[in-house]
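Fold and contact review
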Amino acid sequence: MNLKQRNLTVTFSGSLPVTCGGIGSSAAFATSFARATNSKFNLGLNEEQINQAAFAGEKAVHGNPSGIDNTASAFGGVIKFCKQDPYTFSKINIKSSVEVVIVDSGKKTN
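Reference entry: report on the structure contained in this document. (Residues numbered from 1 in each chain as written. Predicted model: local features only at pLDDT ≥ 70, side-chain atom pairs only at ≥ 80, totals over all residues. Heavy atoms only, no water.)

This brings us to the pairing of strand β1 (residues 78-82). Here β1 shows a buried face lined by Ile79 and Phe81 and an unburied face lined by Val78, Lys80 and Cys82. Both β1 and strand β2 (residues 88-92) contribute to a ladder of five bridges, which runs antiparallel. Residue isoleucine 79 lies in a different strand from β2, and its bridge partner there is lysine 91. (Buried < 20%, exposed > 50% of the residue type's maximum accessible area, 1.4 Å probe, protein only. Helix = DSSP H or I, 4+ residues; strand = E, 2+ residues; numbered from the N terminus. Pairing = 2+ DSSP bridges.)

Moving on, we come to the packing of aromatic side chains. Tallying each qualifying case throughout the model produces four aromatic pairs. The interplanar angle of 25 degrees and the centroid separation of 6.3 Å between the aromatic rings of tyrosine 87 and phenylalanine 89 together place this pair among those described as stacked. Overall, tyrosine 87 belongs to the partly exposed group, its relative accessible area being 22%. Note on phenylalanine 89: relative accessible area 26%, which makes it partly exposed. Three or more aromatic residues joined by ring pairs form one cluster here, namely Phe75, Phe81, Tyr87 and Phe89. (Phe/Tyr/Trp six-rings, centres within 6.5 Å; stacked < 30°, edge-to-face > 60°.)

Here we come to the environment of valine 10. Structurally, the position occupied by valine 10 is in the segment before α1 (25-40). It is 8.9 Å that separates the C-alpha atoms of valine 10 and phenylalanine 33, two residues lying 23 residues apart in sequence.

With that settled, the discussion passes to the pattern of salt bridges. For the coordinates displayed, the defined rule picks out one salt bridge. Between glutamate 47 and arginine 35 there is a salt bridge whose closest N-O contact spans 3.0 Å. In this pair, glutamate 47 is assigned in helix α2 (residues 47-62) and arginine 35 in helix α1, connecting sequence segments twelve residues apart. A residue is classified by how much of its surface remains accessible, and arginine 35, at 30% relative accessible area, is partly exposed. (Salt bridge = Lys/Arg side-chain N within 4 Å of Asp/Glu carboxyl O.)

What follows concerns the side chain of threonine 31. Looking at the secondary structure, you find threonine 31 in helix α1. On the basis of relative accessibility, which here comes to 2%, the residue threonine 31 falls in the buried class. Filtering out sequence-adjacent residues up to four positions away, threonine 31 remains in contact with Ile50, Ala54, Asn70, Ser73 and Ala74. (Contact = heavy atoms within 4.5 Å.)

Structure follows, in structure tokens:
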């Protein structure tokens, strides 16, 4: 199927907090869009291909992102990420749950 010849309307909604930036919401959006497109059109993408599609979305938003946000979003869990060419990451197994506090600093990003 040639997706370039299809007209698509995409609507996103959810409860992701609106902040001034820095919590990876654009990567979550890009990853969910890649997964939904993969599912809808039976593209057969594997996890790394989903991650690369999300990274392309992140580049469109941020220019030169590190890749950590889309990688965390695509693979989940706790990861160790090294920005190289190519990047590397590994999952870190933790024995118990971790509490995370998100604080909005009020600093604006574009």
